[in-house]
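Residues per chain, in single letters:
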Amino acid sequence: LKRGVFSSWRRPRLHGPSPRCVVDMRRAVLKGSAACGATAAGVAYYQRLPRTYGDHRTEWSESVPSRFYRNWLAPVIMKTDAETAHVTTLAAAQVLQALRLLGEPSWTGSTPLDWLLRPAASASTPPGPSIRQELFGGRLCFETPFGIAAGFDKNADLVPLYRLGTLPGLGFCEVGSVSALPSDGNPKPRCFRIVEDEVVVNRMGLNNIGSLAIAEKLKGFEVLGTATKPIPEAPPRAPIGINITKTHSPLIMGDEAVEDFATSFTRLVPYADYMVLNISCPNTAEGKTFEDRETLQGLLARIAEARGKVVSSSPPPPIFVKLSPPMDNEQGRAQLKELVEVARASGTVDGFVVSNTAGDRDMPLSKEGREESDKIGRGGLSGRPLRARSTAAIKEVYRLTGGEMPIIGVGGVDSPEAAYEKIRAGASLVQVYTGLVYRGPFLFSDMHTGLRRLLERDGFKSVSEAVGVDVALAR
């Protein structure tokens, strides 16, 4: 009895969870890990399945996911600071990208279970007119003419996501703008929305990590292949353009500014399917651009020299020049004509991106929108009010080049109708940025279906037949 009474008093007590509790915790961790692993494998598997697009004759003009975004997600996002929402979107996309890369043998290496876990990536052929575009004699192929404009992914964080065709309807992407030196950009706040007019005003100040760091990042992505340098037995990759600009510093001027451009070009052109010279950004620290005859001539001559030294492939990646949206008047058209003539005479430029954001406010804004714009102050304006002005600039550039140089149209694209308008004005491809803010990522899928419907309505068998039909060319 004595031993029984005092035995528990003498035995030292063990602190912490009981052995049974430890076992239960281990089981929970294992179950959670298994569930996360299965989810990741399932997402990666799903993203490799063939893309199917709805019949343009029966599909809604706005898909269910787009309606959900516009009616439920967008109102919440609009209450968040614009730059915070942008950073959060990039972080979420990087998670999606990491899951997609789990299903990519060229990234992780092959496994004995590839036949089960990694179905052969493929794409179905949608009904109706073809919206596939081939430019520069077939050197660049775009499964759709829809892309993401520069400014969304400044540091090329999501290149695998674009190349592997993860977003339905997306045909290409342009990363940047990238400068030779890293830049933190302008002080915050520096990005604003005018919701009434579906506008974004930014004065970001060309913030990016610099061309050297981005070149290292792109080098690591080379294992996936590119549009112009495919890897054996892999599906075609979506083209990626790299947009370069001058470093955000008023101390870099004149010849130093030209060398700054050339440095970025030399570092990045080996990893690009096409290059874009951003000569028209309205958010430079000194408030000046390269949209001047003499300075543009000097820049293009230096870029031609750099391309001859660096690019060993034949032919080299095409070079585009990004222009600002001029006023739709005689003075604006004269300025545009001068720049186009300089670019064509250089023999360096292969196409144009039209147009950049607008630094002025000479466009149709609502009363509330104009009041909000006045409060915001300076910055580049993009969105729906820019649509007509950029389309007029596209028509003028198409007319000036005789339709011989490809144009990437950007500015106010937020629907199939807006994209089709720019294609008929002379754009071979169109880009979206602000439209994604207000319409969501499924906008590309909606434009895929909607463009086929519009092409069939007007009797076109392919999108290439519709390019420039609204422009009368001198014969």
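Numbers given for residues are sequential positions, taken from 1 along each chain in its written order. Residues qualify for local features only when their pLDDT is at least 70, as the model is predicted, and side-chain atom pairs are given and counted only at 80 or more; totals for whole chains, interfaces and linings, by contrast, use all residues. Water and hydrogen atoms were dropped before computing side-chain values, which therefore reflect all heavy atoms in the structure.

For the protein chain, the count of helices and strands is 17 helices and 13 strands. Going through the 475 residues of the protein chain one by one, you find that 52% of them count as buried. Sequence-distant contacts in the protein chain: of pairs separated by 6 or more residues, those separated by 24 or more amount to 78%. Here the protein chain displays about 22700 Å² of accessible surface, and carbon together with sulfur accounts for 57% of that area. Note on conventions: DSSP H or I runs of at least 4 residues are helices, E runs of at least 2 residues are strands, and numbering of each starts at the N terminus. Only protein chains enter the accessibility calculation, which uses a 1.4 Å probe; a residue is then buried when its area is under 20% of its type maximum, exposed when over 50%, and partly exposed in between. Pairs of residues are marked as contacts when any of their non-hydrogen atoms sit within 4.5 Å. All accessibility values rest on the Shrake-Rupley procedure with a 1.4 Å probe; residue burial counts only the protein chains present in the view.

A grouping of Glu196, Glu368, Glu371, Glu372 and Asp374 is seen on the molecular surface, where their side chains present a negatively charged patch. Structurally, the position occupied by Glu372 is in helix 12 (residues 367–376). Residue Glu372 is classed as partly exposed on the basis of its relative accessible area, which comes to 31%. Nonpolar side chains (Val, Leu, Ile, Met, Phe, Trp, Tyr) within 5 Å and like charges within 9 Å form the patches, drawn only from residues with over 30% relative accessible area and no salt bridge. Salt bridge criterion: a side-chain nitrogen from Lys or Arg within 4 Å of a carboxyl oxygen from Asp or Glu. Lys and Arg are tallied as positive, Asp and Glu as negative. Neither His nor the chain termini are counted. Charge coordinates come from a single atom per side chain, which is NZ of Lys, CZ of Arg, CG of Asp or CD of Glu.

This next bit is on helix 3 (residues 64–77). How far a helix is expected to stretch is found by multiplying one less than its residue total by 1.5 Å. In a regular helix each residue adds 1.5 Å, so 14 residues correspond to 20 Å; helix 3 covers 18 Å between its end C-alpha atoms and thus fits that length. The bend reported for a residue corresponds to the angle between axes fitted to the seven residues ending at that residue and the seven starting there. In helix 3, a bend of some 40 degrees at Arg70 exceeds every other bend along the element. Residues of helix 3 that are buried include every one of Ser66, Tyr69 and Ala74, and no others. In this structure, the buried residues of helix 3 make contact with helix 15 (434–439) and helix 16 (443–457).

The next point concerns the pattern of salt bridges. With the rule as written, the count across this model stands at 24 salt bridges. The partner of Asp157 in a salt bridge is Lys217, and the shortest N-O contact between them spans 2.6 Å. In this pair, Asp157 is assigned in the loop between strand 3 (146–148) and helix 7 (159–163) and Lys217 in helix 8 (residues 211–221), connecting sequence segments 60 residues apart. The class for Lys217 is partly exposed, based on a relative accessible area of 22%. Close ionic contact of Arg293 with Glu341 constitutes a salt bridge, the shortest N to O distance being 3.9 Å. Of the two residues, Arg293 is situated in helix 10 (residues 293–310) and Glu341 in helix 11 (residues 330–346); the sequence distance between them amounts to 48 residues.

Turning to the confidence of the model for the protein chain, a few remarks are in order. Each residue carries a pLDDT score, the predictor's confidence in it, ranging from 0 to 100. Within the protein chain, residue pLDDT values average 86, and 84% of them lie at 70 or more. Across residues 5–9, where pLDDT falls below 50, the model places zero contacts with residues more than four positions away in sequence or in other chains.

This brings us to the sheet that holds strand 5 (residues 191–194). At least two DSSP bridges between two strands are needed for those strands to be called paired. If you trace the three strands from one edge of the open sheet to the other, you get 5-6-11, paired in antiparallel fashion. The open sheet is flanked by strand 5 and strand 11 (380–383), the only strands paired with a single partner. Each strand axis lies, on average, 25 degrees off the axis of its neighbour in the sheet, ignoring direction. Between the N-to-C directions of two axes lies an angle of 0 to 180 degrees, each axis being a line fitted to C-alpha atoms and, for a helix, fitted only over the stretch in contact.

What follows concerns the sheet that holds strand 8 (residues 274–278). Backbone-to-backbone hydrogen bonds pair the strands of a sheet. The strands run either parallel or antiparallel. With parallel pairing, eight strands are arranged side by side around a closed barrel as 3-4-7-8-9-10-12-13. The mean inter-strand angle of the sheet, taken between neighbouring strand axes irrespective of direction, is 25 degrees. Pairing geometry for strand 7 (residues 240–244) and strand 8, over four bridges, is parallel. Within the sheet, the bridge partner assigned to Ile244 lies in strand 8 and is Leu277.

Attention shifts here to the pairing of strand 10 (residues 351–354). Taken residue by residue, a regular strand's side chains alternate between the two faces of the sheet. The alternating pattern of strand 10 places Gly351 and Val353 and Phe352 and Val354 on opposite faces, both of which are buried. Two strands pair when backbone bridges link them, and strand 9 (residues 319–323) and strand 10 are joined in this way by four bridges, in the parallel orientation. Counted as the bridge partner of Leu323 is Val354 from strand 10. The handedness of the strand 9 to strand 10 crossover, carried by helix 11, is right-handed. Classification remark: right-handed applies to a crossover when, strands pointing away from the viewer, the course from the first strand over the helix to the second runs clockwise.

Ring pairs shown here join Phe, Tyr and Trp side chains whose ring centres sit within 6.5 Å, with only the six-membered ring taken for Trp; geometry is labelled stacked below 30 degrees between planes, edge-to-face above 60, and tilted in between. Counting across every chain of the model gives five aromatic pairs. With 5.2 Å between their ring centres and 90 degrees between their planes, Phe261 and Phe290 make a pair best called edge-to-face. Placement of Phe261 in helix 9 (residues 255–268) and of Phe290 in the loop between strand 8 and helix 10 is noted, with a sequence separation of 29 residues between them. Judged on exposure class, the residue Phe261 and its partner Phe290 are both buried. Linked through ring pairs, Phe136, Tyr274 and Phe320 together constitute an aromatic cluster.

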